[in-house]
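Coordinates in review
Residues per chain, in single letters:
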There are 2 protein chains.
Amino acid sequence: MTDNKNKATERNVPKPTLFRLPSYLDYLRRKKDEGSSHISTTKIGEDLKLYHVQVRKDLAHIGAVGKPKTGYEIDSLIEKLVAFLEYESVTNAVLVGAGQLGKTLLGFDGFSEYGLNIAAAFDTNKEIIGSSVKGTPVMSVEELPQICEKLNASIGIITVPPAYAQETADVMVKSGIKAIWNFSTVHLVLPDDIIVQNENMAASLAVLRNRLSAQK
Amino acid sequence: MTDNKNKATERNVPKPTLFRLPSYLDYLRRKKDEGSSHISTTKIGEDLKLYHVQVRKDLAHIGAVGKPKTGYEIDSLIEKLVAFLEYESVTNAVLVGAGQLGKTLLGFDGFSEYGLNIAAAFDTNKEIIGSSVKGTPVMSVEELPQICEKLNASIGIITVPPAYAQETADVMVKSGIKAIWNFSTVHLVLPDDIIVQNENMAASLAVLRNRLSAQK
């Protein structure tokens, strides 16, 4: 029988579960601050508006099992979540496209809480190559392959204009990047083993504004 | 028969369609730059990896109909998309939570291209109330109701720590905000007529890192 308690990262946890994990962590830290030491899936479910059986299944994915009557120990849950989400290990990322959005992300100190380190930025604009944005050096895209290897970077962040998104993704894949965080509006075409997450703020805005107009 | 060509905003267009519209606009602008004047749904589908019938349906939602042989006029499509996405009309938004993430969003000039104007920011931290972040004044959350009314703000952006997300949303709703752009990890509980879009970067990172670990 597999020792789930020692296995910090289970393979291919369903996306909906992964999406909920940061919320559980925030919630449990708050309960701990309030003085709680134990909690039940019923209570978590009530407060987060989730079905308690779903909560139990989600927590089982990270190796957490509750005890009858006492429930789950909050410190242990927090520890398992932090370990599972890898917040205390550092993943190196590279960012391509040091324009408005890229600089904005480079300036966001919050990523370090999640163990994400944007170690280098790249651009084609000669005027900013060689400069630094919030301490992160901006290099020429031509240096991407060797820098990715040197940094052992696994995540590539795309913040280039739409016209350059696909070729940027292609260069990243050739450079050994395995996971792409795509902030462009372009639907990237990539090999099957490359992981992609899309962050499309233009799309979110389109939904917000259309639904607002529909109400008028 | 309804005159769809004059109706810039159709009620409740499906979310997947809305999500694709910014991509169509970027793509068509590129094709125009390359010198094209007309385009077919087949071509759009090939380039964007979409089923051409889906493209035709999406464009029908914004009142665009192609002609046999010539297809769609690109300028007209661009015009209809810009009108539908309301990029040339301004929507006022307020932002609550002028911390790291909030300041980052306030500093993103790109929003103005989408017609989004973050007109005011709010916080509870007395040390930053009264200051300005990139030209946007930071006010006390207590002033939110009257400022929302004065600005006719329809969108509320939530960038507060998780512990305060729900109460922030409640105050926004009471202040007349109809659409919430939620950057927190909290699942907000809101009246049915309030529109919500969630932008959960912590969740995206969780997926990227889990899938990376699953590959090892």
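Residues numbered from 1 in each chain as written. Chains lettered and ligands numbered in written order. Predicted model: local features only at pLDDT ≥ 70, side-chain atom pairs only at ≥ 80, totals over all residues. Heavy atoms only, no water.

Contact residues are listed per partner, giving 65 residues for chain A and 65 residues for chain B. Buried surface at the junction of chain A and chain B, both sides included, amounts to about 5,900 Å², of which 63% is carbon and sulfur. Of all residues in chain A, L208, R209 and R211 of chain A give up the largest surface area on contact with chain B, accounting jointly for 13% of the area buried on that side. Put simply, chain A and chain B have zero salt bridges between them. One can count 27 residue pairs in polar contact (both at pLDDT 80 or more) joining chain A with chain B. Of all the elements in the fold, those that place two or more residues in the side of chain A that touches chain B are α1 (15-33), α5 (100-106), α7 (162-174), β8 (179-182), β9 (195-198) and α8 (201-215) of chain A. Here the residues of the side of chain A that touches chain B are counted per class, giving 33 nonpolar, 18 polar and 14 charged. (Contact = heavy atoms within 4.5 Å. Buried area = accessible area lost by both parts, 1.4 Å probe. Salt bridge = Lys/Arg side-chain N within 4 Å of Asp/Glu carboxyl O. Polar contact = N/O pair within 3.5 Å; in protein donor to acceptor, adjacent residues only side chain to side chain. Helix = DSSP H or I, 4+ residues; strand = E, 2+ residues; numbered from the N terminus. Nonpolar A, V, L, I, M, F, W, Y, C, P; charged D, E, K, R; others polar.)

Let's shift gears to the packing of aromatic side chains. Residues and elements named next belong to chain A. Tallying each qualifying case throughout the model produces eight aromatic pairs over all chains. Residues Y87 and Y114 carry aromatic rings whose centres are separated by 5.1 Å and whose planes lie at 55 degrees to one another, so their mutual orientation is tilted. With Y87 in the loop between α4 (74-84) and β3 (91-96) and Y114 in the loop between α5 and β4 (116-123), this residue pair connects regions lying 27 residues apart in the sequence. The class of Y87 is buried, set by a relative accessible area of 12%. Seen in terms of ring centroids, F108 and F111 are 4.9 Å apart; in terms of plane orientation they differ by 80 degrees. Their pairing is edge-to-face. (Phe/Tyr/Trp six-rings, centres within 6.5 Å; stacked < 30°, edge-to-face > 60°. Buried < 20%, exposed > 50% of the residue type's maximum accessible area, 1.4 Å probe, protein only.)

Relating one copy of the chain to the other takes a rotation about an axis and a shift parallel to that axis. The two copies are related by a screw motion: chain A maps onto chain B through a turn of 180 degrees and a shift of 0.0 Å along the axis, at an RMSD of 0.0 Å. What we have between these two chains is a two-fold relation. Among all residues of chain A, the minimum C-alpha distance to the rotation axis is found for T104 of chain A, at 2.9 Å. A shared binding surface is used by both copies, with 100% of the interface residues of chain A retained as interface residues in chain B. (Least-squares fit on C-alpha atoms with pLDDT ≥ 70 in both.)

All names here are of chain A. Strands sit in the order β5-β6-β4-β3-β7-β8-β9 across an open sheet of seven strands; the sheet is mixed. Both outer strands of the open sheet, β5 (132-133) and β9, are each paired with one neighbouring strand and no more. Across two bridges, the pairing between β5 and strand β6 (residues 136-140) is antiparallel. Residue pairing for β6: V133 is matched across the bridge by T136. (Pairing = 2+ DSSP bridges.)

On to the nonpolar core. One finds I157 of chain A together with I157 of chain B to be the most contacted residues of the largest nonpolar core, which totals 74 residues. Top element by residues in this core is α8 of chain A. It accounts for seven residues. I157 of chain B has contacts with A93, V94, L95, V96, L105, L116, I118, M172, W181 and F183 of chain B, leaving out every residue within four places of it along the chain. Listed in part, the 26 residues of the second largest apolar core include L59, L81, F84 and Y87 of chain A. (Core = buried A, V, L, I, M, F, W, Y, C linked by side-chain atoms within 4.5 Å.)

Residue and element names in this part refer to chain A. Tallied over the full model, the rule gives eleven salt bridges over all chains. Here K178 and D193 are joined by a salt bridge, their closest N and O atoms 4.0 Å apart. One end of the pair, K178, is in the loop between α7 and β8; the other, D193, is in the loop between β8 and β9, and 15 residues separate them in sequence. The class of K178 is partly exposed, set by a relative accessible area of 35%. The partly exposed category is assigned to D193, whose relative accessible area is 40%. Here the salt bridges do not stand alone but share partners, grouping K31, E34, K43 and D47 into one network.

Residue and element names in this part refer to chain A. Averaged over every residue, the pLDDT of chain A is 90; the share at 70 or more is 95%. For the stretch residues 1-9, pLDDT sits under 50, and the model shows nine contacts to residues farther than four places along the chain or on other chains. Taken together, the chains of this predicted complex give a pTM of 0.83 and an interface ipTM of 0.85. (pLDDT = per-residue confidence, 0-100.)

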